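An overview of the molecular structure
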Amino acid sequence: MTRNAYVLVHGACHGAWCWEAVAAKLAARGHRVVTLDLLGHGRRVAEYVRASVTGYSRSVMDGMALEGISRGIVVGHSMGGLVIPKVAELARDRVAHLVFLAAVVVPDGASLWETHLLPGQKAMIRGLARAAGNGTFLYPAWYAWSRWMNDMPRGHAVVQAALPRLTPQPLRPFVERLDLSRFYAMDVPRTYIRCLKDVAVQPDRAAEYARRLGVRPVDLEAGHDAMLSVPDALARILETLPPTP
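These lines cover the structure that appears in this document, whether it is placed above or below. (Residues numbered from 1 in each chain as written. Predicted model: local features only at pLDDT ≥ 70, side-chain atom pairs only at ≥ 80, totals over all residues. Heavy atoms only, no water.)

1. Description of the layout of surface pockets
Our working definition: A 1.4 Å probe that fits but cannot get out identifies a cavity on a 1 Å grid over protein atoms alone, an open set with protein on both sides within 12 Å along at least five of seven lines counts as a pocket, and a residue lines either if it has an atom within 4 Å of a point. Grid points are joined across faces, edges and corners, and a volume is the space filled by probe spheres set on the points. Secondary structure elements are taken from DSSP: a helix is a run of H or I of four residues or more, a strand is a run of E of two residues or more, and numbering for both begins at the N terminus. As a working rule, the residues Ala, Val, Leu, Ile, Met, Phe, Trp, Tyr, Cys and Pro are called nonpolar, Asp, Glu, Lys and Arg charged, and the rest polar, with Gly in that last group.
The calculated volume of the largest pocket comes to roughly 150 Å³. When contributions to the lining of the largest pocket are tallied by element, the ones reaching two or more residues are helix 1 (20-28), helix 7 (157-162) and helix 11 (226-229). Ranked by residues supplied to the lining of the largest pocket, first place goes to helix 7 with three residues. Broken down by class, the residue content of the lining of the largest pocket amounts to nine nonpolar, no polar and two charged.

Shown next, in the form of structure tokens:
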């Protein structure tokens, strides 16, 4: 079996921890796996003032360089769909394939805020950010579960372990308008994985995002946080992607 190198990029409020099960399964099959915390997330939560899509992408690029990843399959979950195109722009030679997992894919010049969020969601985030007073927001646990982990019972051990590990999300990357003209002109191979039980990036919206990338979605029977609920199925899909040259 061909051994690949995977770089797993988390989404909003998450951290490298969310990939633990997927990373373990891929590593057990002989693949190289790199997971990392974006600025302001996980073990880097104190760095929230530095968080931006550019900052996120540079931290991924730096992590790939540090780990010696020369041709990686770079997977971006949810908000990570903003990050991995910029990684490809910054380090095209290090990227063999981009995978958008239940990810937001914005047009050139647009932001996640204007592309994906509904008015009620924007109002909720504004209120949470005002209450925090530092440019970040954190969803209530019940909302995070219902939006991201709805394919598992609230009392499930995986859910109960994940909810306390969520960290406040810096608002800036949500409202940043992204220059993606270079990315959309690139020929980097790409895959979109659509989660059919997803209520955060619903299947019809996911299909729209896949079309924006010029691909047909690969369907997975899971909620938004598929890496938590169906790590083995997700790992097996990732293994079906073209091998690292």
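The rest of the description comes next.
2. Quick notes on the packing of helix 1 against helix 12 (residues 231-239)
For any two helices packed against each other, the geometry comes down to the angle between their axes and how far apart the axes lie. Quick reminder of the rule: Only C-alpha atoms enter the line fits that serve as axes; for helices the fit covers just the stretch in contact. Angles between N-to-C directions range over 0 to 180 degrees. Should an angle fall under 35 degrees it is taken as roughly parallel, and over 145 as roughly antiparallel, whereas 65 to 115 is taken as roughly perpendicular and any remaining angle as oblique. Should the near helix be turned anticlockwise from the far one by less than a right angle, the crossing is left-handed, and should it be turned clockwise, the crossing is right-handed. Contacts are assigned to residue pairs that have any heavy atoms within 4.5 Å of one another.
Taken N-terminus to C-terminus, the directions of helix 1 and helix 12 make an angle of 50°; their axes are 9 Å apart at the nearest point. Relative to helix 12, the element helix 1 is oriented oblique. Considering the relative orientation of helix 1 and helix 12, their crossing is right-handed. Together, A21, V22, K25 and L26 of helix 1 and P231, D232, L234, A235, L238 and E239 of helix 12 make up the contact between the two elements.

3. Remarks on the packing of aromatic side chains
Short version of the rule: Geometry of aromatic contacts follows a simple scheme: Phe, Tyr and Trp rings, the Trp one being its six-membered ring, pair when their centres are within 6.5 Å, and the pair is stacked under 30 degrees between planes, edge-to-face over 60, tilted otherwise. Only protein chains enter the accessibility calculation, which uses a 1.4 Å probe. A residue is then buried if its area is under 20% of the maximum for its type, exposed if over 50%, and partly exposed in between.
Within this structure, the stated rule accounts for seven aromatic pairs. Judged by centre distance (5.4 Å) and plane angle (70°), the ring pair of F137 and Y139 falls under edge-to-face. Exposure class is identical for F137 and Y139. Each is buried. Taken together, F137, Y139, W142, Y143, W148 and F174 form an aromatic cluster joined through their ring pairs.

4. Notes on the side chain of S78
Along the chain, S78 falls in the loop between strand 3 (72-77) and helix 3 (80-90). Ignoring any residue separated from it by four or fewer positions in sequence, one finds S78 in contact with G11, L101, A102, A103, V104 and H224.

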